[in-house]
Amino acid sequence: MTTFKQAITPFLWVEHTTGVSVIMNDVGDYQQFIFDSRADEGFTGNGYDWQSLAVIFLKETLPELVDVINFDSESGMFCAYSDNQTALNTFVVAFKKACENKALILALFQKAELD
């Protein structure tokens, strides 16, 4: 049986005293083909690129969470956070599933903006 933490890998679930976050330190490795599809526009697969993808994913698939999920990515790390654990759980499970669906994630990525 797959655990929650295994199911969301390479994203890492981090609990804080005031909320939770999901991070990915190994940007540039996981699903790099997504960002390679628009490399000529300047996308490299860094944390900011992942954030752009996650923002469009939220707007398109989970609009009710747009004001609940926040982002604080850096070039070497993707980070999403919230004080609503259930909302972040819903986001990361759905986002990971979308990342595994090549056609869906590439279609969503076409709407992402370079940060």
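1. With respect to the packing of helix α3 (residues 47–61) against helix α4 (residues 85–99)
Orientation of α3 relative to α4, taken along the N-to-C sense of each, is 105°, at an axis distance of 11 Å. In terms of orientation, α3 and α4 fall into the roughly perpendicular class. Here Trp50, Leu53, Ala54, Phe57 and Leu58 of α3 lie close against α4, whose contacting residues are Phe91, Ala94, Phe95, Ala98 and Cys99. Class assignment of the residues belonging to the contact of α3 with α4 gives a composition of 10 nonpolar, no polar and no charged.

2. Structural notes on the side chain of Ser21
With respect to the helices and strands, the residue Ser21 is situated in strand β2 (residues 20–24). Reaching out from Ser21, the side chain makes a polar contact with the side chain of His16 at a distance of 2.7 Å. Apart from residues lying up to four places away in sequence, Ser21 is in contact with Leu12, Trp13, Val14, His16, Cys79, Ala80, Tyr81 and Leu88.

3. Brief notes about the sheet that holds strand β3 (residues 70–71)
Backbone-to-backbone hydrogen bonds pair the strands of a sheet. The strands run either parallel or antiparallel. Sheet architecture is open: four strands sit in the order β1-β2-β4-β3, paired in antiparallel fashion. Each having just a single partner strand, β1 (12–15) and β3 make up the two edges of the open sheet. Pairing of β1 with β2, which is carried by four bridges, proceeds in the antiparallel orientation. Bridge pairing links Leu12 to Ile23 in β2. Strands in contact with α4 are β1, β2, β3 and β4 (78–82); relative to β4, the strand with the most contacts, it is inclined by about 145°.

4. Describing unusual backbone geometry
Each neighbour pair has its own omega, and for Thr9 with Pro10 the value is 20°, a cis peptide bond. The residue Pro10 is located in the loop between α1 (4–7) and β1 in this model. Despite not being glycine, Gln31 has its phi angle at roughly 50°, a positive value. Mapped onto the elements of the fold, Gln31 is located in the loop between β2 and α2 (32–36). Classification of Gln31 by relative accessible area gives buried; the value is 18%.

Cut-offs used in this document
- Residues numbered from 1 in each chain as written.
- Predicted model: local features only at pLDDT ≥ 70, side-chain atom pairs only at ≥ 80, totals over all residues.
- Heavy atoms only, no water.
- Axes fitted to C-alpha atoms, helices over the stretch in contact; angles between N-to-C directions.
- Helix = DSSP H or I, 4+ residues; strand = E, 2+ residues; numbered from the N terminus.
- Parallel < 35°, antiparallel > 145°, perpendicular 65-115°, else oblique.
- Contact = heavy atoms within 4.5 Å.
- Nonpolar A, V, L, I, M, F, W, Y, C, P; charged D, E, K, R; others polar.
- Polar contact = N/O pair within 3.5 Å; in protein donor to acceptor, adjacent residues only side chain to side chain.
- Pairing = 2+ DSSP bridges.
- Buried < 20%, exposed > 50% of the residue type's maximum accessible area, 1.4 Å probe, protein only.

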